[in-house]
Amino acid sequence: MKALDRVLQRWRISKVLPFIPRGARVLDVGCADGVLYHQHAALGEYVGLDPEYPPRTLGARAHTLRGFFPADLPPGPPYDAIVMLAMLEHVPAEALQPLARACAESLRPGGRVLLTVPAPRVDDILDVLKALRLIDGMSLEEHHGYDIAQTRPLFEAEGLRTHAHRSFQLGLNHLFVFEKP
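Residues numbered from 1 in each chain as written. Predicted model: local features only at pLDDT ≥ 70, side-chain atom pairs only at ≥ 80, totals over all residues. Heavy atoms only, no water.

Visitor: Mind showing me how you'd approach the overall build of the chain here?
Guide: If you tally the helices and strands in the chain, you get 5 helices and 8 strands. Counting helices and strands in the order they occur from the N terminus, the chain gives α-β-α-β-β-β-β-α-β-α-α-β-β. The contacts of the chain with a sequence gap of at least 6 include a subset with a gap of at least 24, amounting to 60%. Element-wise, carbon and sulfur atoms account for 55% of the exposed surface of the chain, whose accessible area totals about 8800 Å². (Helix = DSSP H or I, 4+ residues; strand = E, 2+ residues; numbered from the N terminus. Contact = heavy atoms within 4.5 Å. Areas by Shrake-Rupley, 256 points an atom, 1.4 Å probe, with all protein chains shown as cover.)

Written as structure tokens, this is what we have:
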């Protein structure tokens, strides 16, 4: 990853951190190298899941696994938070509803799904930044023009309620927080 990739990644992380309580059991889907764990010092347990990175132990109660959510997630207690940063635009359209359902099933009551979703026009900006070699980009070829407007109905259909939705990065990125009643 180049420096600008890391800046953008940390910016997304900074938006979800206020919604993760101290001591939370967190699942980080699309975790990359587990950077979220390193930015939140007070997590109770951290499980990162990513198809591109090798498994690693990050701490006494923190590790990453190679794989896809939900298929490769080992059984365990429900999570307090499921984090997916700039990930929905990589998920094939037919897999979105099963992913939202798996999130609802993997949360404890009161748990939250925390998402950042870039606007489709971000792809054009990323293409320019990549051509200028300012970013590596992460699997940009997987982007399929995800429509941000489908995010609320997608997760609300699985019984989660919208706790927050706001844009950042000049409206080019969106934060969604869904809560399990």
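Visitor: Please explain unusual backbone geometry as it appears in this structure.
Guide: Looking along the chain, the bond that leaves F69 and enters P70 is cis, with omega of 5°. Mapped onto the fold, P70 is located in the loop between β4 (62–66) and β5 (79–85). Although it is not a glycine, A32 sits at a positive phi angle of roughly 55°. Here A32 shows up in the loop between β1 (25–29) and α2 (35–39). One non-glycine residue, A86, lies in the positive phi region at around 50°. Looking at where A86 falls in the secondary structure, it is placed in the loop between β5 and α3 (96–106).

Visitor: Even after reading the chapter, I still don't get the confidence of the model for the chain, so can you show me in this structure?
Guide: As a general rule, the predicted coordinates of low-pLDDT regions are not to be interpreted in detail. In this model, the chain carries a mean pLDDT of 88, and residues with pLDDT of at least 70 account for 86%. Mean pLDDT across the elements of the chain ranges from a minimum in helix α4 (residues 122–131), with 61, to a maximum in helix α5 (residues 151–156), with 98. (pLDDT = per-residue confidence, 0-100.)

Visitor: It is not clear to me how the pairing of strand β6 (residues 107–118) should be interpreted in this structure. Could you clarify?
Guide: Looking along a regular strand, one sees side chains alternate from face to face of the sheet. Extensive coverage of β6 is indicated by the burial of 9 of its 12 residues. As defined by bridge partners, β5 adjoins β6 across 6 bridges and the pair is classed as parallel. Across the sheet, the residue bridging to A81 is R112, located in β6. The parallel pair β5 and β6 is bridged by α3, and the resulting crossover is right-handed. (Buried < 20%, exposed > 50% of the residue type's maximum accessible area, 1.4 Å probe, protein only. Pairing = 2+ DSSP bridges. Right-handed = clockwise from strand over helix to strand, strands pointing away.)

Visitor: Help me out: how do you make sense of the nonpolar core in this one?
Guide: Most often, soluble globular proteins keep nonpolar side chains buried together rather than apart. By size, the foremost hydrophobic cluster in this structure holds 30 residues, and its most contacted members are L27, F69, M84, L99, V113, L115 and F155. Counting only elements with at least two residues in this core, the list comes to β1, β2 (45–50), β5, α3, β6, α5 and β8 (173–179). Top element by residues in this core is α3. It accounts for 6 residues. Counting residues in hydrophobic clusters, the runner-up holds 22 residues, among them V26, C31, L85 and L114. (Core = buried A, V, L, I, M, F, W, Y, C linked by side-chain atoms within 4.5 Å.)

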